[in-house]
Amino acid sequence: APPPGSHHAFKAAVTSLAIMALIRPHVAAVVMVGVAGALLYTKHMSKKAKVLLAPIAAMGLVFLALRASDKLGVGFSADSMSEFVEQQQHFGAEYGGGADLASLPLPLKIFSLLFRPIFFDTDSWMQRVASIENAALLYIFGYLAYNWRTLLTLARNVLYVCYALIFSGLLILLLSLVNYNIGLGQRQKFMAIPLVLILYGTVYIYKQYRSKVGRGVSA
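Reading guide: rules and limits
Residues numbered from 1 in each chain as written. Predicted model: local features only at pLDDT ≥ 70, side-chain atom pairs only at ≥ 80, totals over all residues. Heavy atoms only, no water. pLDDT = per-residue confidence, 0-100. Helix = DSSP H or I, 4+ residues; strand = E, 2+ residues; numbered from the N terminus. Contact = heavy atoms within 4.5 Å. Axes fitted to C-alpha atoms, helices over the stretch in contact; angles between N-to-C directions. Parallel < 35°, antiparallel > 145°, perpendicular 65-115°, else oblique. Left-handed = near helix turned anticlockwise from the far one by under 90°. Nonpolar A, V, L, I, M, F, W, Y, C, P; charged D, E, K, R; others polar. Expected span 1.5 Å × (residues − 1). Buried < 20%, exposed > 50% of the residue type's maximum accessible area, 1.4 Å probe, protein only. Polar contact = N/O pair within 3.5 Å; in protein donor to acceptor, adjacent residues only side chain to side chain. Patch = residues over 30% accessible without salt bridge, like charges linked within 9 Å, V, L, I, M, F, W, Y side chains within 5 Å. Areas by Shrake-Rupley, 256 points an atom, 1.4 Å probe, with all protein chains shown as cover. Salt bridge = Lys/Arg side-chain N within 4 Å of Asp/Glu carboxyl O.

The next subject is the confidence of the model for the chain. Looking at the chain, pLDDT values average 78 and 74% of them are 70 or higher. When mean pLDDT is taken per element in the chain, helix H7 (residues 148-157) scores highest with 95 and helix H4 (residues 78-95) scores lowest with 53. Below pLDDT 50 for its whole length, residues 93-99 participates in 10 contacts with residues either more than four positions away or in separate chains.

Right under this line is the structure:
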């Protein structure tokens, strides 16, 4: 793999984004938001470079958003968005296992996407296996929430942490708004979970390192 920061890495990232835009433009748009947000929020770029990056990123995001709109058949008006969500809910009612998303508050939509089924609402061995997986995810998210100060500090200073936080957070939010089936959500959320695992591993390793340094100083 090309070393981070080299022109080879940049070319690989642009090529990957172009391929993604052809297949899943809505995810490519989230990737671009994550990259631009990380570059603008962290301290790795000068203010002048950030000013130059902002309009370029905005134009790229608009292009990808328009392409995603065409591919999904969703307009940008409130009525069009509402119709799209209602259509997703109709699929849930038609194929079973659906949830009335309109009646659920946003926190419960996110919880259903990430952690259901979770033992008490299972009726098959496959759902029980998924419950074990979701219980592990519940612990990981709880760990990140408990260490939110460390996570935000790392996001401010480490580019990939900031990107992973923006991408996974935004994608989980968007998926929770259109998720209409627990089984579908179980699959869809794994577009974001790998980066959540990276966040968990980074925070855990950083805290272990700080703990060892602290013991060394005190000794």
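We are not done yet, so read on.
So, about the packing of helix H2 (residues 25-41) against helix H8 (residues 159-178). In contact at an axis separation of 8 Å, H2 and H8 are set at 140° when each is read in the N-to-C sense. As the angle between them shows, H2 and H8 are arranged oblique. Here H2 and H8 pass one another in a crossing that is right-handed. Facing Val27, Val30, Val31, Val33, Gly34, Val35, Gly37, Ala38, Leu39 and Tyr41 of H2, the residues of H8 in contact are Leu159, Cys162, Tyr163, Ile166, Phe167, Leu170, Leu171 and Leu174. Of the residues contributing to the contact of H2 with H8, the split by class is 16 nonpolar, 2 polar and no charged.

By secondary structure assignment, the location of proline 117 is in the loop between helix H5 (106-115) and helix H6 (125-146). The spacing of proline 117 and isoleucine 132 is 15 residues in sequence and 9.2 Å in space, taken between C-alpha atoms. Ignoring any residue separated from it by four or fewer positions in sequence, one finds proline 117 in contact with Thr122, Gln127, Ala130, Ser131, Asn134, Ile182 and Gln186.

If you check H2, its first and last C-alpha atoms are 24 Å apart, about what 17 residues at 1.5 Å a residue would give, namely 24 Å. Every buried residue belonging to H2 is among Pro25, Val27, Ala28, Ala29, Val30, Val31, Met32, Gly34, Ala36, Gly37 and Ala38, and all of these are buried.

The subject of this paragraph is the packing of H5 against H6. Contact geometry of H5 with H6 gives a least axis separation of 9 Å together with a crossing angle of 125°. In terms of orientation, H5 lies oblique with respect to H6. Residues Phe111, Leu114 and Phe115 of H5 form the contact with H6, whose participating residues are Asn134, Leu137, Leu138 and Phe141. Of the residues contributing to the contact of H5 with H6, the split by class is 6 nonpolar, 1 polar and no charged.

Okay, the environment of threonine 42 next. Position of threonine 42 relative to the elements: it lies in the loop between H2 and helix H3 (47-72). Among the residues examined, threonine 42 registers a relative accessible area of 0% and is labelled buried. Remark: the alpha-carbon pair of threonine 42 and tyrosine 160, spanning 118 residues in sequence, is separated by 9.8 Å. Within the structure, threonine 42 has its side chain in polar contact with the backbone oxygen of alanine 38 (distance 2.6 Å).

Here we come to H6. Between the first and last C-alpha of H6 there are 32 Å, a value that for 22 residues agrees with the 32 Å anticipated at 1.5 Å per step. Every buried residue belonging to H6 is among Ala130, Ser131, Asn134, Leu137, Ile140, Tyr143 and Leu144, and all of these are buried.

With that out of the way, let us pick up a nonpolar patch on the surface. Taken together, the side chains of Leu106, Leu173, Leu174 and Leu177 make up a nonpolar region of the molecular surface, amounting to roughly 270 Å² of accessible area. A per-element tally of the nonpolar patch places H8 first, with 3 residues.

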